[in-house]
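# Fold and contact review
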Amino acid sequence: MAELAKNTADIPVVPAEEKLTPPWKEALQSFYKNKLAVVGLGIVLFFIVIAFIAPWVAPYGFKEQVLADRMQAPSSKHWFGTDDFGRDIFSRILYGARISLWVGFFSVLGSVVVGTLLGIVAGYYGRWVDAIISRVFDVMLAFPSILLAIAVVSILGPSLRNALIAIAVINIPNFGRLVRSKVLSVKQEEYIMAARAIGMKDSRILLRHILPNSISPVIVQATLAIATAIIEAAALGFLGLGAQPPEPEWGKMLADSKNYITQAPWTLFFPGIAIMLTVLGFNLMGDGLRDVLDPKMKQ
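Residue numbers here run from 1 along each chain, matching the order of that chain's written sequence. Reporting of local features is limited, given that this is a predicted model, to residues whose pLDDT is at least 70; pairs of side-chain atoms are given and counted only at 80 or more, and all residues count toward the totals for whole chains, interfaces and linings. As a rule here, side-chain values come from all non-hydrogen atoms in the structure, and water together with hydrogens is ignored.

## Let's talk about helix 6 (residues 145-156)
Applicable threshold: Runs of E in the DSSP output that reach at least two residues are strands. Runs of H or I that reach at least four are helices, and both are numbered from the N terminus. The length a helix should cover is 1.5 Å for every residue beyond the first. Remark: exposure states derive from per-residue accessible area (1.4 Å probe, protein chains only) relative to the maximum for the residue type, with buried under 20%, exposed over 50%, and partly exposed in between. Each C-beta atom gives one direction from the helix axis, and the arc is the one those directions make. The contact rule is simple, with two residues in contact once any of their heavy atoms fall within 4.5 Å.
Its twelve residues place the ends of helix 6 17 Å apart at the C-alpha level, agreeing with the 16 Å of an ideal helix rising 1.5 Å per residue. Of all the positions in helix 6, only L148, A149, V152 and V153 are classed as buried. Taken around the axis of helix 6, the buried residues stretch over an arc of 135°, which confines them to a single face. Packing partners of the buried residues in helix 6 comprise helix 5 (127-141), helix 7 (160-186) and helix 10 (216-238). Following helix 6 by one or two positions, G157 adopts a phi angle in the positive range, close to 105°.

## A look at the confidence of the model for the chain
Spelled out, the test is: For every residue, the predictor states its confidence as a pLDDT score lying anywhere from 0 to 100.
With 89% of its residues at a pLDDT of 70 or more, the chain has an overall mean of 83. Here residues 14-18 is a poorly scored stretch, pLDDT under 50, and it has zero contacts once near neighbours within four places are set aside; other chains count.

## Focus: the pattern of salt bridges
This is how the line gets drawn: For salt bridges, the criterion is a side-chain nitrogen of Lys or Arg within 4 Å of an Asp or Glu carboxyl oxygen.
Inspection of the entire model under this criterion finds eight salt bridges. Across the salt bridge formed by D138 and R135, the nearest N and O atoms sit 2.9 Å from each other. Of the two residues, D138 and R135 both sit in helix 5, three residues apart, roughly one turn of that helix. Residue class for D138 comes out partly exposed when judged on its relative accessible area of 31%. Connected through shared salt-bridge partners, D83, R87 and R92 make up one network.

## Here's the deal with the environment of L236
Here L236 shows up in helix 10. Taking the C-alpha atoms as reference, L236 lies 9.1 Å from L160; in sequence the two are 76 residues apart. Ignoring anything within four residues of it in the chain, the contact list for L236 reads I146, A149, I150, V153, A163, I167, L241 and G242.

Structure (structure tokens):
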């Protein structure tokens, strides 16, 4: 018995096979290791939260005017001061977060859907379909984005909805070309050729194989595009082509305050800071997602 125990003790212990980490968990761990990306995520979540709770947190209505309080400096009564109509700037900043995020998210969502569809069709089928779609993208990209947006809004008429449509339209070529280039490489893979060889329908190949393997760069580009869309919405609002009074859109607030820079600089400062922080948050988060989802960026 002792001899058996001795022999058993001499047998080397083989360590158990390490458990594989799921890809999504590994991606989250890589994202949270990027401190700047976490800061960006925190900024974005902060503005999303204040956009939701604005009606309960704002001390005044965004349309509420008190002419006796015109151009009041920041104080305990009005944290960010008041504008030329006596409206509380802090309350308007809170409500303005709703507009900017709404325009940013939904304009980019429209661009992603249309651009991805066109890019997949162009990259997968090629030939004359690819030629036509690519030439349309080239023509749209030949114009500066803000000029094209101004042209679209001028045709449709100044409004927040039309500004959203214009921003969606000008971003379609960016997503279309990105997806097209990805599809051109993915469709040459052996598993795609095998799927064709067994007679799988094109629609099934596109939905089950091409699209899932082409979506990673789209997610990164979409995050960065939201920041760009917020700036473009602010630019259209500044020009009077976006949200119309009395909507508290940040770009429109900047336009309304440009005549009072020396008299009441706070009317310009706080909307500008809100735009800068929101755009910074999305850019930092987008850079973090790119490092996680792009294999070339992994160490």
